[in-house]
Amino acid sequence: MSITASGFVNSTSRQNRVTLRKTLISCLALFAALLLSIVLMSLIGSEALPVRDSLCALATFGASSCGLSQDQFDILFQIRLPRILLAAAVGGSLATAGAGYQALLRNPLAEPYLLGISNGAAVGTMIALVFFGTNEWTRPLLAFTGALVATLAVYRLARGRAGATPERLILAGVIVTTFLSSVIVFVTTLMDATRIRSFTFWLLGDLSGSSKALLPVAITIAVAGTLALTLNARSLNLLMLGERDAFDLGVEVGRVRVVVFVVASLLVGSSVAASGSVGYVGLVVPHLARLSLGSDNRISIPAAALLGALFVIVADTIARTIIAPRELPVGAITALIGAPLFIYLLKRA
Amino acid sequence: MLSRNFRASAIHAVSILACALLLAGLLACTHSTSSQQSPEGPVRRELTDDAGRRVSVPVPTNRVISLAPNLTEIVFAIGAGDRLVGRTTYCDFPAEAKAVAAVGDTLQPSLERIISLQPQVVLISTSSQLEVFTKQLQNQNIAVFVTDPRDLDGVFRSIEQIGLIVGHTQQAEQLIQNLRDRTRAVEEAVKGRPPVRVFYQLSAEPLYTAGHDAFVTDLMRRAGAMSVTADVPGAWPKYSNESALAAQPEAIILPTGGSMGAANSTVTEALAKSSAALQGRVYKISDDHLTRPGPRSVDGLEAMARALHPEAFKQ
């Protein structure tokens, strides 16, 4: 399970070209799989839609209804597809953020949850809901602020005389997580009973309730965030050797750290604002990417983003169909799939 | 092999017996009451509550705590508000109720506060799920009476039982008679009219509705409506947006206002362009009247019937 950086230090331009090609091929393959899953999963739901007509309508990007009734068309394009795209954005964001934290902190267990970042974003979202209920834009904004504050708190707590050791960092994360958890419970208890239902939604992770207004924000941040971290992947590779060695090799350690913290907070903030705290994605997916494609961040970060999108799309399809027409929160499914998968990965490594 | 068969059949027999006993208990349920006069103490009476438990209560009970808003409303409606020594923070009706000491909310009442108020009976609703709590109170010699009204008849039964407990049987009977008459008037008015297919939106984000076991599902049926989610298992299921749209409801009911404030006052995004919403058949009805199985449920019944069948109430 350890992340090694051997082989990256002396990478020549030929090796770079090989890496680039490998990145492109694996990402293209994953992207094709993602597109396929978007189409396939939009054919599945609690209401049966005619497959051929739905495929036809999807192929025209909704320009033609292809014989679907108005309700069927709305189900496909107004309800199902936006939810699937949001699942992709949330999955991609969480997996990328997890990959970023793991590389920067040289800790395979670093994850938005374990570090308390998701809880920070959840507290931010709750504040937005309580004080600016109708203004949806405040949710990702305050969620990002909450995530960033939590990140900085963890980092400050973790910094001792010898710098931030991975162990110290995880412990600081546990402290921040439990502290913010009790803040969430406290706020929930103070709230009117009628609002508790919508709050439990943020705690469990659920894609059904979020408004479509947040979808473009979530997708933009997911794509931009993944690009930003991928562009810093070489520095992150070198950082795996240790901060001092990376510094000696010319990495601007401070700058990279700020970039990863801000970008990952943005990613976690936008996904928590849209869907609550969906667990295990940031932990399991980057591991899966590294195990199958190697630990070069230039490949594993974009691959994790695509795999994460795929993972949450499938998990949410299960969540919305398994007891249809009732629904489960997607967080329950990602944990059900994620926990055993993680144990398997740990044993295999 | 033999022993396993034997065991299986033994388990089978025991479970049949248990079911039979349970059934007998249920059948014997509400009206089987027995009084017993102890030589020096007060009269105690054994009642069967909605959880099927035999509960011995002093008659009449002078100190009652209610742990649910609908039960508080019943206690006041039968003129026994002066017996109430404790209520939850949710119990905000009638206004006099607010003068009674609060003991926490329905889900997290304070055991210490309750014990210090020295009630003889604590009324709880099954939705509060207080099993451990019940045991602790019983150890303090405080009777716990569980109510679980699933429909209007269940509400009438709760009123009758609470009337028995506080010794206001006559007021309880009058109240029940009055509520029954109003209910019958509504049912007569909507009789013969095709039921309106209704979607009940408990909350929009995420979408929750009223399922098979919800009290309000019965109320909608009586109001001349047919809930499109009437057969969904459970009381308050989280519901699929697309199934709500595909059900093509003719009207949407939003329980809102009252203690809910402005919450749930808009139709969920998925149904915003449904024909019910486009035709303006979205009806906001006081949440307190729909979700508290008490005397004001009949107000909710009337409000729903008038909204869904306005022509039936024209003079």
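As the structure is a prediction and not an experimental result, all values here were calculated from the model.

Participant: Please provide a residue-by-residue account of the packing of helix α3 (residues 70–104) of chain A against helix α13 (residues 297–321) of chain A, values included.
Facilitator: Residue and element names in this part refer to chain A. Where α3 meets α13, the axes come as close as 7 Å, and the angle between the chain directions of the two elements is 140 degrees. By the angle between their directions, the pair α3 and α13 is classed as oblique. As for the relative orientation of α3 and α13, their crossing is right-handed in sense. Its residues assigned to classes, the contact of α3 with α13 comprises 17 nonpolar, 6 polar and 1 charged.

Participant: Describe the interface of chain A and chain B, listing the residues and the values that go with them.
Facilitator: Contact residues are listed per partner, giving 24 residues for chain A and 23 residues for chain B. The set of elements that each furnish at least two residues to the side of chain A that touches chain B consists of α3 and α7 (193–204) of chain A. At 6 residues, the largest contribution of residues to the side of chain A that touches chain B is made by α7(A).

Participant: Which residues make up the domain arrangement of chain B, and what are the values?
Facilitator: Think of interface size as the accessible area that goes away when the parts come together; that is how it is often given. All names here are of chain B. Here chain B is described as being made up of domain 1 (30–176) and domain 2 (193–313). The C-alpha-based centres of domain 1 and domain 2 are spaced at 30 Å. Contacts between domain 1 and domain 2 engage 14 residues on the former and 13 residues on the latter. Among the elements of the structure, α2 (69–77) and α5 (152–166) are those that each provide at least two residues to the side of domain 1 that touches domain 2. A total of 5 residues in the side of domain 1 that touches domain 2 trace back to one element, the largest contributor, which is α2. A per-class count over the side of domain 1 that touches domain 2 returns 8 nonpolar, 2 polar and 4 charged.

Participant: Help me get a handle on unusual backbone geometry, residues and values and all.
Facilitator: With an omega of 5 degrees, the peptide bond running from A:A324 to A:P325 counts as cis. Looking at the secondary structure, you find A:P325 in the loop between α13 and α14 (330–348). Here the bond from B:F93 into B:P94 is cis, since omega is -10 degrees, no more than 30 degrees from zero. On the secondary structure map, B:P94 appears in the loop between β5 (84–86) and α3 (111–116). For A:F61, which is not glycine, the phi torsion reads 55 degrees and is therefore positive. Within the secondary structure layout, A:F61 lies in the loop between α2 (51–59) and α3. Under the C-beta neighbour-count criterion, A:F61 is labelled exposed, with 8 such atoms within 10 Å. Look at B:Q118: it is not a glycine, yet its phi comes out positive at around 50 degrees.

Calculation criteria
- Each chain carries its own residue numbering, running from 1 in the direction its sequence is written.
- Chain labels run from A onward and ligand labels from 1 onward, assigned in the order the entries are written.
- Totals for whole chains, interfaces and linings use all residues, but because this is a predicted model, local features are given only for residues with pLDDT of at least 70 and pairs of side-chain atoms are given and counted only at 80 or more.
- Think of each axis as a best-fit line through the C-alpha atoms, taken over the contacting stretch in the case of a helix, with angles from 0 to 180 degrees between the N-to-C directions.
- The numbering of helices and of strands both runs from the N terminus, where a helix is a DSSP run of H or I of at least 4 residues and a strand a run of E of at least 2.
- Working rule for angles: under 35 degrees goes down as roughly parallel, over 145 as roughly antiparallel, 65 to 115 as roughly perpendicular, anything else as oblique.
- What makes a crossing left-handed is the near helix being turned counterclockwise from the far one by less than a right angle; a clockwise turn instead makes it right-handed.
- Residue polarity follows a fixed list, in which Ala, Val, Leu, Ile, Met, Phe, Trp, Tyr, Cys and Pro are nonpolar, Asp, Glu, Lys and Arg are charged, and the others, Gly among them, are polar.
- We call two residues in contact when the distance between their C-beta atoms, placed using the backbone, is within 7 Å.
- For the domain bounds, the source is a domain assignment made automatically or taken from a database.
- Partly exposed residues are those whose C-beta has more than 12 but fewer than 20 other C-beta atoms within 10 Å; 20 or more makes a residue buried and 12 or fewer makes it exposed, with C-beta atoms placed from the backbone.

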